[in-house]
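Fold and geometry: a report
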Amino acid sequence: GMDDPQAADFLRRDPLVHRHRRGRTGRQLSAEVGDRNTLIKLVARWSPDDDGSFKRLVIEKSGTTFTSRLENAPLTASIRIASATIDSSLFASADEAGIPDAVAIQIAEIFSGDIDFHRELRKGDRYSVVYEVLEGDGEPLRAGRVLSAEFVNGGKAYQAMWFQEPTAANPTPVEEGRPTRTQGRSGYYSLEGQSLKRAYLASPLAFSRVTSGFKMRFHPILQKWTAHLGVDYAAPTGTPVRSVGDGLVEFAGVQGGFGNVVFVRHRNNHVTVYAHLSRIAVRRGQRVEQGQNIGAVGATGWATGPHLHYEFRINGRHQNPLAIARNSESIPVSPAARPVFNRLAAVTRQQLAAAQLLAAR
């Protein structure tokens, strides 16, 4: 409703405004206007980097003209509690409950070692979450880290909390009102103190569906019954593929029916295979970390449509990848950090109980 040709002309001409006008989707804007709907002050806020700060672009009337300035200021964190029930999908339930997509993605990642979100979600499953909202000048800019969560899948409850072990420089795990920062060993743990980060992710894709498991099947190209020595995930061409664990790229290129394929060697003579890729994002001899992008889903080689063929081999023998992920080891909280952890776990139990009460209303 503003009508201010002078302000509009300034915004078109000002170099600082031009430099920061692009990529403005999702930015928070506020305006102060005068009695005649003319602009007095316009502020744009955004947080481009995960460094605990945000940018503030201020356009302000000064006498008979306007000035502009760019400022850097610290983010503050507030805590939100939410709960939702699965009716059709994780994201649909999150939308209905007002939970940001970024938080829903974190929930799926946190519990990916215990729950296969591709095929094990059931109608009536429920979850509660405590998460940060990062704010600039009291205005919410984006979702921050999930601090704790509970997911009830098929009647079985899984709980998790974020914990970073205290250090001499950072004796308290979370500073009130400040975004959580990673210092020292950190990650998600069960409330009993067992790390949820396992040696291998449950799936090389963030979201998809299993179309062919580790079993005998009728091969669509060979037209005969053969043992399927991996797992196929249906997904659109271009869907990112991630390494399920830390390792070394043993092969990255074209190989027979696999088409574009990546082999990653992990410790203990474990090898994972990612086939039919549309593109490869790593090279032979490169070290990769768990969750790192190594390529994209495609339909190269012997493939009737876009999908990922994924294998897990131990000493050259094919194993069921889904079973391997479930049984891979995790690391507990160190004995020195246990007293601090136990205090935070007690608070987390109370917060998750409060979230369940909200859902029951």
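Preceding this paragraph is the structure being described.
This write-up is about the structure you can find in this document. Everything numeric here is computed off the predicted structure, so don't read it as measured data.

Here is what the cut-offs are and how they apply
Residues numbered from 1 in each chain as written. Predicted model: local features only at pLDDT ≥ 70, side-chain atom pairs only at ≥ 80, totals over all residues. Heavy atoms only, no water. Patch = residues over 30% accessible without salt bridge, like charges linked within 9 Å, V, L, I, M, F, W, Y side chains within 5 Å. Areas by Shrake-Rupley, 256 points an atom, 1.4 Å probe, with all protein chains shown as cover. Salt bridge = Lys/Arg side-chain N within 4 Å of Asp/Glu carboxyl O. Helix = DSSP H or I, 4+ residues; strand = E, 2+ residues; numbered from the N terminus. Buried < 20%, exposed > 50% of the residue type's maximum accessible area, 1.4 Å probe, protein only. Core = buried A, V, L, I, M, F, W, Y, C linked by side-chain atoms within 4.5 Å. Contact = heavy atoms within 4.5 Å. Phe/Tyr/Trp six-rings, centres within 6.5 Å; stacked < 30°, edge-to-face > 60°. Lys NZ or Arg CZ within 6 Å of the ring centre and 35° of its normal. Pairing = 2+ DSSP bridges. Axes fitted to C-alpha atoms, helices over the stretch in contact; angles between N-to-C directions.

Let's talk about a nonpolar patch on the surface
Nonpolar side chains collect at one region of the surface, where Ile79, Ile81 and Leu358 lie side by side and expose about 230 Å² of accessible area between them. Counting through the fold element by element, isoleucine 81 comes out in strand S5 (residues 76-85). Looking at isoleucine 81, the relative accessible area reads 33%, which means it is partly exposed.

Quick look at the environment of leucine 29
For leucine 29, the location among the structural elements is in strand S1 (residues 28-33). Judged by relative accessible area, leucine 29 falls into the exposed class, the value being 58%. Residues leucine 29 and arginine 45 lie 16 residues apart in sequence; the distance between their C-alpha atoms is 6.5 Å.

Describing unusual backbone geometry
Even without glycine at this site, asparagine 37 takes up a positive phi of about 60°. Its location among the elements puts asparagine 37 in the loop between S1 and strand S2 (39-46). Take asparagine 37: its relative accessible area is 36%, and that puts it in the partly exposed class. One non-glycine residue with positive phi stands out, namely asparagine 269, at about 60°.

Digging into the pattern of salt bridges
On inspection of all chains with the given rule, the structure shows 13 salt bridges. When the shortest N-O distance is used, the salt bridge between arginine 80 and glutamate 135 registers 3.9 Å. In this pair, arginine 80 sits in strand S5 while glutamate 135 sits in strand S6 (residues 126-136), placing the two residues 55 residues apart along the sequence. When the shortest N-O distance is used, the salt bridge between arginine 313 and glutamate 311 registers 2.8 Å. The two residues arginine 313 and glutamate 311 agree in class, both being buried.

Topic: the nonpolar core
One broad rule of soluble globular proteins: the nonpolar side chains tend to lie buried together. In this structure, Phe111, Tyr127, Val129 and Phe151 are the most contacted members of the largest nonpolar core, which totals 27 residues. Every element with two or more residues in this core is listed here: S5, helix H3 (90-97), helix H4 (101-110), S6, strand S7 (139-153) and strand S8 (156-164). The biggest single contributor to this core is H4, with five residues. If we skip the residues at most four places from it in the chain, tyrosine 127 touches Ala82, Ser83, Ala84, Ile86, Leu90, Ser93, Ala94, Ile99, Ile107, Glu150 and Phe151.

Remarks on the packing of aromatic side chains
Taken as a whole and assessed by the stated rule, the structure comprises 11 aromatic pairs. On the numbers, 4.9 Å between centres and 85° between planes, the contact of tyrosine 200 with phenylalanine 312 is edge-to-face. Of this pair, tyrosine 200 sits in the loop between strand S9 (186-189) and strand S10 (209-212) while phenylalanine 312 sits in strand S20 (residues 307-314), placing them 112 residues apart in sequence. We classify phenylalanine 312 as buried; its relative accessible area is 0%. Here the aromatic residues Phe111, Tyr127 and Phe151 are joined through ring pairs into a cluster of three or more. Cation over ring: arginine 27 sits above tryptophan 46, and NZ or CZ is 3.7 Å from the ring centre. The positively charged end of arginine 145 is found above the aromatic ring belonging to tryptophan 162, 3.7 Å away from the centroid.

Re the sheet that holds S5
The strand order across the open sheet built from five strands is S5-S6-S7-S8-S9, with neighbouring strands paired in antiparallel fashion. Of all strands in the sheet, those with a lone pairing partner are S5 and S9, marking the two edges. Each neighbouring strand pair of the sheet contributes to a mean axis angle of 25°, computed without reference to strand direction. Bridge count for S6 against S7 is 10 bridges, and the pairing is antiparallel. Following the sheet pairing, leucine 134 is matched in S7 by arginine 142. Of the strands in this sheet, S5, S6 and S7 touch H3, which is tilted by about 115° from S5. Lying over the sheet, H4 contacts S6, S7, S8 and S9, oriented at roughly 35° with respect to S7.

By themselves, these are just geometric observations and shouldn't be taken as functional.
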